[in-house]
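# Overview (structure and organization)
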Amino acid sequence: MSFLEFSHISKTYPGVKALSDVSFSVEKGAVHGLMGENGAGKSTLIRVLSGDQQADGGEITIDGQAQKYASTRDAFHAGVIVIHQELQLVPELTVAENLRLGRFPANAGVIQARQMFSEVGEKLKSAGIDIDPRRKVKTLSIGERQMVEIAKAIMLDARVIALDEPTSSLSSRESEILFALIERLRAEGKVILYISHRLDEVFRLCDSLTVLRDGKLAAHHASLRDVTREQVVAEMVGREISNVWGWRPRKLGEVRLKVDGISGEKLRQPASFDVHAGEILGFFGLIGAGRSELMRLVYAADAATTGKITVDGKPVRSADPHQAIRSGIVLCSEDRKHDGIIQGRSLEENINISSRRHHTRFGILNPQKEIEVAETFIKKLKVRTPSRKQDIVNLSGGNQQKVILGRWLSEEGIRVLIVDEPTRGIDVGAKSEIYHILYQLAEDGMAIVVVSSELPEVMGICDRILVMCGGRISGELKRDQFAEQAILAAALPDKKTPTAIAS
Amino acid sequence: AQETKIGFIVKQPEEPWFQDEWKFADQAAKEKGFTLVKIGAEDGEKLMSAIDNLGAQGAQGFVVCTPDVKLGPGIVAKAAANNLKLMTVDDRLVGADGKPIEEVPHMGISATKIGEAVGQAIVDEMKARGWNADEVGAIRVSYDQLPTAVDRVEGAISVLKANGFKAENIFDAPQAKTDTEAALNAATVVLNKNANIKKWVAFGLNDEAVLGAVRASESVGIPADGMIGVGIGGADSAINEFKKPTATGFVGSVIISPKRHGYETALNMYDWVANNKEPEKLILTAGALAKRGDYEAVRKDLGIE
Amino acid sequence: MTNQLKRILLGDQGLVVIFVVAFALVALLVPNFLTERNILGLLQSVVTVGIVACTMMFCLAARDFDLSVGSIVAFAGMVAVMASNATGSIFVGVLAALLCGSIVGLFNGLVIAKFRINALITTLATMQIVRGLALISSDGRAVGINDPNFYQLALSKLVGIPTPIWVLAVLFLIFGFVLNRTVFGKNTLAIGGNPEASRLAGVNVDRTRIWIFALQGLVCGIAGILLASRITSGQPNAAVGLELSVISACVLGGVSLAGGRATMAGVIVGVMIMGIAENVMNLLNIPAFYQYIVRGVILLLAVLLDNLRSSALGRR
Amino acid sequence: MTNQLKRILLGDQGLVVIFVVAFALVALLVPNFLTERNILGLLQSVVTVGIVACTMMFCLAARDFDLSVGSIVAFAGMVAVMASNATGSIFVGVLAALLCGSIVGLFNGLVIAKFRINALITTLATMQIVRGLALISSDGRAVGINDPNFYQLALSKLVGIPTPIWVLAVLFLIFGFVLNRTVFGKNTLAIGGNPEASRLAGVNVDRTRIWIFALQGLVCGIAGILLASRITSGQPNAAVGLELSVISACVLGGVSLAGGRATMAGVIVGVMIMGIAENVMNLLNIPAFYQYIVRGVILLLAVLLDNLRSSALGRR
Ligand SMILES: Nc1ncnc2c1ncn2[C@@H]1O[C@H](COP(=O)(O)OP(=O)(O)OP(=O)(O)O)[C@@H](O)[C@H]1O
Ligand SMILES: Nc1ncnc2c1ncn2[C@@H]1O[C@H](COP(=O)(O)OP(=O)(O)OP(=O)(O)O)[C@@H](O)[C@H]1O
Ligand SMILES: [Mg+2]
Ligand SMILES: [Mg+2]
């Protein structure tokens, strides 16, 4: 008998059958991968495991015991820890408080603060996570928050640990910390469920693998020894995907966007770069390199203190995103939960919020057109949803990301498109569609900036890469110079001098 | 015959005074066998709705104590539109020109008159205690948002001044709300500001306001014989004070009779509706001072028990 | 058949259905309720709350809060009366009141959006300041109307229905349309759903918020004028506590205080439920003290029912 | 040196510093302000608001809302007086009042947490119901206290300072400790800061919310008893509008209506600012109508200052 068993799990949401009759099992001391397209039901399965959602049918057994959870607290007591797909942190509390929330070390209700901080500090250090446990979470960057989230896995002596896309906003360096952690947990004999859209990681880490499709079990591999990546992709998507990147050479035009010496509160050192019409420029860097900060300055999401921006030679002065949009610059930001989705509103409204100004008259909407745009992008990006009227919070993480992308891809008359971690949480199948759309836009003359922590992605789709490190641009590589080593070298903080200077 | 239905609308339904008016009006209703509809209307808008409501219920007339006398023309028009006979109690309606609307029958006592009675009671008590007006401070617990309140305290002040009180010895203690706590807080400030004055008199909108001033004097250590507070109303708040084992600075309260105001107005309206006997255009009642020693007798005299 | 019934009952418009059923019950059980006179009276009694609820809906939907509405209504009424008394022209009076209302609203909006001051505190402050202005300008006393034509604003009828009810109906229509069919309405809802995301999506958040408050002021001006005409005077103490009634009506009608959710139909139902409760209690002659309890229980029942309905919906 | 000054001014306790400066200014400029008598009077005048603000802080920090506090205070006061009159024991009276307050609070909490009904509507409903109960139980009249020893609750002094002020101080200490140092306090902040994350982390959200409301009821009971003792009677109309004063004081003290942010020091400052404003206006003999305006302007200034301070902080 296996240590962790799912048998005949089913779960239905209004209008969606998220899981139907899913059964599989995992051995003790194994890392088990869970893959599937966006909306396949991975997170739902994890939520059922964590007691957050109750399954309509089926049963989970751990170590031979059938589990019955009424709440997440029961699951904790049974030794189940789940790191959810979206960050679940309380910004106003400190790192240590977040990590011990729900299980504070207390004496008669009074928190043993000193003990808590030192314990958490030690555990963080032993896991190689360099974050002060006394810092408030609101002062951390997204990447750091993700590390805090991951640290939850080692705060308690758990039997089963599930990680839902833990690396989606991590760069390779932080990912390595996570992988080391997972190795350690495996050695301790825990059961680990690992969800990811990155095939490399799954093949590197996992002992066994389950693939879900449309809420059903599509494949189960007790061992990954004889399985190929192509096979897994086919099981997930239902078809072969030969070349995910699909890059083709393009003709570049004049300089479209020119950023000259821009700086702001969070990015003290002035940065300059330019992008040509038809070019896809990649920005790579480790977490905290300042890429997102730079892009937010360009988009006027944060106020710039110095610097000049020109689009097609015309200087742009914007104090707020709505002005930046009017001058032809848009930014799809990295934090979809905080800066992207508009909770409580439908997909249709989330897609149309910006681009609708092209089809309104005297401020009155054109409902026909809105439906058309929404339907187009739902189809184009393969958003899995019962209807365009669905509230966006009811979508799976990857599908939310697609909707936010749709918001910006539906824009007309845009000259510069900046996408920050555009494929975060998106499955391989949809990824290639998105790249295809980006190429299309570039061919039509748009200047595109892609910020990504995924090295294969920037190398796969960009014409040129700028590397950032410690808040400044530390390297530039043209496509023919692309090499993993060179890029990583420029991204590492101890390197002071730029490694590659393009002519 | 058609059932007789009469409305009785008051401006502050939670106030004991209006509760009493309603109680006595109910008594009249029971005696004469008509239906009494009691509605509270705290502001002009509620009042207009209340009149509509009465019309809809098929009432034939109503007695009203209006939240504001300036509503006069509106009330008259609304009553006519709903075909209701109209009488006022306590507060008399005025027209756009600021003069009383004579054709609406009214029973009441003017706010200024009550205030003057309070002032007189204070002056009498001062004389009895042998106080010199120059060494006495007066707390005017005020709630100027309410015109009736202004008229009452101004009435009291006019008597005090006529009896040698200096204007600079009268101190304003504005209540933020009309309850005792607000009066207490406001009066405390006045007392502390003028710590050199040892003898005080207090008056205000009602018993609760004056009680606040008396409590304030106690909390800063002024003995009962250093304070003369005279309230208005004479309902339970005042009686509780009189019942206390030792006398407090709350010397008396000017009682107006809710019996006459409630019972007689309802009866008059009934006679008007049922027997077509029009009431007198103006009946003025008088207030009576009740003190610790005689409040039971005074209340009995006024027909309240 | 039963399925269809279920869909109607549990659908988006479920609150409306519950309301219709409740209305039918009341009409059957309460004598004198379903008479033309009473219904007109009832409608007139909700005019002020209803008018102000139109824009309060926007305010709450954008995660804001406006406590100053009662004061603005009173102040605008005073201004309307005093200005028309002074100039002899009702038109000038009406214009002045609308202007004053809008200015106060604009002030609220500017302070809240530009200085980023908490809306609760800002409007609490203007609530006090404006009430103070109303009291000072009239020395705390009601101001009578010189020109009897002013009364006609509230007394005149069109097709047998008093003008204020028409005004209310027209405003319901306008703001219903604005909420669902205009960029302004959609932006308001988006801001309430996620202000930062809306800003990054190119919504001019500051301008939208300022507009919402300015509109709120304007609409309070309209309510103030009608109220002054109805009570035939400008009263500095009018509409005290209006904010709470209006906000309750909105919340009862499904507007979320956390922003992002609002429907005009819901708000209309909320306003009507509160109005009918008052009306019926008076028709049934419920004693004043018990009215408090009944009012509270009705509020609880209304949300509880709606809740059961929507959780049944969730469980479908 | 200047840097250190800057750090103090702009730090977390900046509001306190601003307050101290303002206090010093007032003490210098307003005659009679800094006398022992006046300060004691001032402190006594903020006892009710201050006591209730302790738990309202928790309520707001958990993203909830309680409008029923004023009614509970009045009701608890009535119960205290009537129960001690009936039994002849002040102790029983006090106990009964605390019990009644807690029961109402518990009811609020249960309805809000278990039936998931909007807190605004629920407490609006209980506000009405409880006020109705207070009015009915006394027939709308003030109830006198039979046993003069009851007065001693408010009149007695310890080291020259009246008992209610001691009670207030102790509650400030207790709830300051509870907020920062206990599991309950941290859970409250977590629930307000991110309800979803708290739930997933296994915080018993429902139980915490129920506790918050029950505590709120208990504390309102304390405030009601002291108030009744202070005005030597139980008054069913007492403490109307208290909820708004308390919420304003909290928000002024930096408690976020969006939840998750609260400090006891901030709330104390908020309560004191409001109390001092009233006190000084009366000391300076500002006419009643102008007091409205001054009150509004002070509110605006206080938040504006705090805002400038914290945006200066952001820009550092
Ligand atoms: N609260 C909800 N209400 C309605 N539908 C939901 C809800 N939560 C999830 N769903 C639906 O259930 C399906 C499965 O979602 P789930 O989050 O498990 O997908 P996933 O495999 O984790 O996808 P992703 O890779 O995008 O994270 C999706 O179609 C989603 O729209
Ligand atoms: N809210 C904040 N308050 C204070 N500092 C912040 C905040 N957000 C980010 N920073 C700091 O700004 C720097 C850059 O942030 P960030 O990590 O977002 O950069 P990045 O290059 O976009 O990396 P990534 O997007 O991969 O996380 C970091 O040092 C981070 O600590
Ligand atoms: Mg997922
Ligand atoms: Mg980034």
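Everything numeric here is computed off the predicted structure, so don't read it as measured data.

### A few points about the overall build of chain A
Secondary structure assignment for chain A yields 17 helices and 22 strands. Relative to the compact-globule value of 23 Å for 503 residues, chain A shows a C-alpha radius of gyration of 23 Å, a close match. Counting every position in chain A, which comprises 503 residues, the buried fraction comes to 60%. Here the analysis covers contacts within chain A between residues at least 6 apart in sequence; of these, 67% occur between residues at least 24 apart. Taken as a whole, chain A presents about 19,800 Å² of accessible surface, with 49% of it coming from carbon and sulfur.

### Focus on helix α4 (residues 47–61) of chain C
Taking 1.5 Å per residue, 15 residues should reach 21 Å; α4(C) reaches 21 Å between its end C-alpha atoms and fits that length. Where α4(C) bends most, at C:C54, the angle is about 35°.

### Notes on the environment of C:G266
Residue and element names in this part refer to chain C. By the secondary structure assignment, G266 is in helix α14 (residues 264–283). Judged by relative accessible area, G266 falls into the buried class, the value being 4%. Sequence separation of G266 and V16 is 250 residues, and the distance between their C-alpha atoms is 7.0 Å.

### Remarks on the arrangement of the chains
The assembly contains five pairs of chains in contact; the pair sharing the most contacts is chains C and D. There is no contact between chain A and chain B; across them, the least C-alpha separation is 36 Å.

### Section: the sheet that holds strand β1 (residues 4–13) of chain A
Residue and element names in this part refer to chain A. If you walk across this open sheet you meet the four strands as β2-β1-β4-β5, and the pairing is antiparallel. Lying at the two open borders of the sheet, with one neighbouring strand each, are β2 (16–26) and β5 (65–67). Adjacent strand axes in the sheet meet at a mean angle of 25°, parallel and antiparallel pairs treated alike. Pairing of strand β4 (residues 57–62) with β5 involves three bridges; the strand directions are antiparallel. Pairing of I60 across the sheet is with Q67, part of β5. On the sheet, helix α1 (residues 42–49) packs against β1, β2 and β4 and is oriented at approximately 115° with respect to β1.

### Quick notes on the site of ligand 1
All names here are of chain A. With respect to spatial proximity, 22 residues lie near ligand 1, and among them G39, S43, T44, S396 and G398 are the closest. Separating an oxygen atom of ligand 1 from a backbone N or O atom of G39 is a distance of 2.8 Å. Here an oxygen atom of ligand 1 and a side-chain polar atom of S43 are 2.6 Å apart. Looking at the shell around ligand 1, the elements with two or more residues in it are β2, α1 and α14 (397–409). Residues of the shell around ligand 1, tallied by class, amount to five nonpolar, 13 polar and four charged. When residues of the shell around ligand 1 are sorted by domain, at least three fall in each of domain 1 (4–237) and domain 3 (347–412).

### Describing the interface of chain C and chain D
How big an interface is tends to be expressed through the accessible area that disappears when the partners come together. Across the boundary between the two partners, chain C contributes 41 residues, which contact 41 residues of chain D. Both sides of the chain C and chain D interface together cover about 3,500 Å² of buried area, and 84% of this is carbon and sulfur. On the chain C side of the interface with chain D, the three residues burying the most area are C:I121, C:F289 and C:L300, jointly 17% of the side's total. For the pair chain C and chain D, the interface holds zero salt bridges. Our count for the contact surface shared by chain C and chain D stands at two residue pairs in polar contact (both at pLDDT 80 or more). Those elements giving two or more residues to the side of chain C that touches chain D turn out to be α6 (90–114), α7 (119–138), α13 (242–252) and α15 (288–315) of chain C. Among the elements that make up the side of chain C that touches chain D, the one with the highest residue count is α7(C) (13 residues). Here the residues of the side of chain C that touches chain D sort into 29 nonpolar, eight polar and four charged.

### With respect to the coordination of the magnesium ion (ligand 4)
All names here are of chain A. Around the magnesium ion (ligand 4), the protein supplies S292 (OG) and E334 (OE) as donor atoms, at distances of 1.8 to 2.4 Å. Linking S292 in helix α9 (residues 291–298) with E334 in the loop between β18 (329–332) and α11 (336–340), this pair joins segments that are 42 residues apart in sequence. Of the two residues, S292 and E334, both sit in the buried class.

### Some remarks on the packing of helix α9 (residues 163–181) of chain D against helix α12 (residues 205–230) of chain D
Residue and element names in this part refer to chain D. Packing of α9 against α12 leaves a shortest axis separation of 11 Å and a crossing angle of 165°. Taken together, the axes of α9 and α12 lie roughly antiparallel to each other. For α9 against α12, the interelement crossing comes out left-handed. Side by side, α9 and α12 meet where P164, V167, L171 and F175 of the first sit next to L215, V219, I222 and L226 of the second.

### Considerations on the nonpolar core
A:F273 and B:I139 are the most contacted members of the largest nonpolar core, which totals 445 residues. Beyond its immediate sequence surroundings of up to four residues, A:F273 is in contact with A:L257, A:K258, A:V259, A:L281, A:F283, A:L294, A:M295, A:V298, A:L466 and A:I473. Core analysis: the next-biggest nonpolar cluster, separate from the first, contains 28 residues, A:L19, A:F24, A:V26 and A:A162 among them.

### As for the site of ligand 2
All names here are of chain A. G288, G290, R291, S292 and E334 are the nearest of the 15 residues found near ligand 2. Note that an oxygen atom of ligand 2 is positioned 2.7 Å from one of the side-chain N or O atoms of E334. Here ligand 2 loses 75% of its free accessible area of 610 Å² to cover by the protein chains. For the shell around ligand 2, the secondary structure elements donating two or more residues are α5 (142–151) and α9. The leading source of residues in the shell around ligand 2 is α9, at three residues. Of the residues that constitute the shell around ligand 2, the class distribution is three nonpolar, seven polar and five charged. When we break the shell around ligand 2 down by domain, the ones giving at least three residues each are domain 1 (4–237) and domain 2 (252–328 + 413–503).

### Some words on the pattern of salt bridges
A complete count under the given rule lists 75 salt bridges over all chains for this structure. Here A:E201 ties to A:R198 by a salt bridge, and the two come within 3.4 Å at their closest N and O atoms. Here the two residues A:E201 and A:R198 agree in accessibility, since each one is buried. A salt bridge links C:K114 to C:D206, with the nearest nitrogen and oxygen atoms 3.8 Å apart.

### Concerning the domain arrangement of chain A
Residue and element names in this part refer to chain A. Its domain assignment divides chain A into domain 1 (4–237), domain 2 (252–328 + 413–503) and domain 3 (347–412). Taking only C-alpha atoms into account, the centre of domain 2 sits 25 Å from that of domain 3. Taken together, the contacts link 19 residues of domain 2 with 13 residues of domain 3. Between domain 2 and domain 3 the total buried area reaches about 1,300 Å² when both faces are included, carbon and sulfur atoms providing 70% of it. A per-residue breakdown of the area domain 2 buries against domain 3 is headed by I325, E433 and I437, which together make up 30% of the total.

### So, a nonpolar patch on the surface
A grouping of C:V21, C:L25, C:L28 and C:L29 is seen on the molecular surface, where their side chains present a nonpolar patch of about 450 Å² in accessible area. With respect to the helices and strands, C:L29 occurs in helix α2 (residues 14–29).

### Describing the interface of chain C and chain A
On the side of chain A, 30 residues touch chain C, which itself brings 23 residues to the contact. Between chain C and chain A lies a buried interface of about 2,000 Å² when both sides are counted; carbon and sulfur atoms form 57% of it. The largest per-residue losses of area from chain C upon contact with chain A belong to C:K186, C:R199 and C:L200, which jointly make up 28% of the total buried on that side. The interface formed by chain C and chain A holds three salt bridges in total.

### A closer look at the side chain of C:R209
Residue and element names in this part refer to chain C. Inspection of the secondary structure puts R209 in helix α12 (residues 205–230). A distance of 2.8 Å separates a polar atom in the side chain of R209 from a polar atom in the side chain of D64. Excluding its chain neighbours within four sequence positions, the residues that come into contact with R209 are D64, I112 and A113.

### Focus on the pairing of strand β1 (residues 5–10) of chain B
For a regular strand, side-chain orientation follows a simple rule: the groups alternate between the two sheet faces. Residue and element names in this part refer to chain B. Among the six residues in β1, six count as buried, and that is most of the element. Side chains of β1 alternate between two faces, with K5, G7 and I9 and I6, F8 and V10 buried alike. Where β1 meets strand β2 (residues 35–40), six bridges bridge the pair, whose relative direction is parallel. The residue of β2 that forms the bridge with F8 is K38. A crossover connection joins β1 to the parallel β2 through helix α1 (residues 16–32); in handedness this β-α-β unit is right-handed. As paired elements, β1 and strand β3 (residues 61–64) share four bridges and run parallel to each other. For F8, the partnering residue across the bridge sits in β3 and is V63.

Calculation rules
- Residues numbered from 1 in each chain as written.
- Chains lettered and ligands numbered in written order.
- Predicted model: local features only at pLDDT ≥ 70, side-chain atom pairs only at ≥ 80, totals over all residues.
- Heavy atoms only, no water.
- Helix = DSSP H or I, 4+ residues; strand = E, 2+ residues; numbered from the N terminus.
- Rg over C-alpha atoms; globule rule 2.2 N^0.38 Å.
- Buried < 20%, exposed > 50% of the residue type's maximum accessible area, 1.4 Å probe, protein only.
- Contact = heavy atoms within 4.5 Å.
- Areas by Shrake-Rupley, 256 points an atom, 1.4 Å probe, with all protein chains shown as cover.
- Expected span 1.5 Å × (residues − 1).
- Bend = angle between axes of the 7 residues up to and from the residue.
- Pairing = 2+ DSSP bridges.
- Axes fitted to C-alpha atoms, helices over the stretch in contact; angles between N-to-C directions.
- Near = heavy atom within 4 Å.
- Polar contact = N/O pair within 3.5 Å; in protein donor to acceptor, adjacent residues only side chain to side chain.
- Nonpolar A, V, L, I, M, F, W, Y, C, P; charged D, E, K, R; others polar.
- Domains from an automatic or database assignment.
- Buried area = accessible area lost by both parts, 1.4 Å probe.
- Salt bridge = Lys/Arg side-chain N within 4 Å of Asp/Glu carboxyl O.
- Donors = N, O, S within 2.8 Å, 3.2 Å for Na, K, Ca; no water.
- Parallel < 35°, antiparallel > 145°, perpendicular 65-115°, else oblique.
- Left-handed = near helix turned anticlockwise from the far one by under 90°.
- Core = buried A, V, L, I, M, F, W, Y, C linked by side-chain atoms within 4.5 Å.
- Patch = residues over 30% accessible without salt bridge, like charges linked within 9 Å, V, L, I, M, F, W, Y side chains within 5 Å.
- Right-handed = clockwise from strand over helix to strand, strands pointing away.

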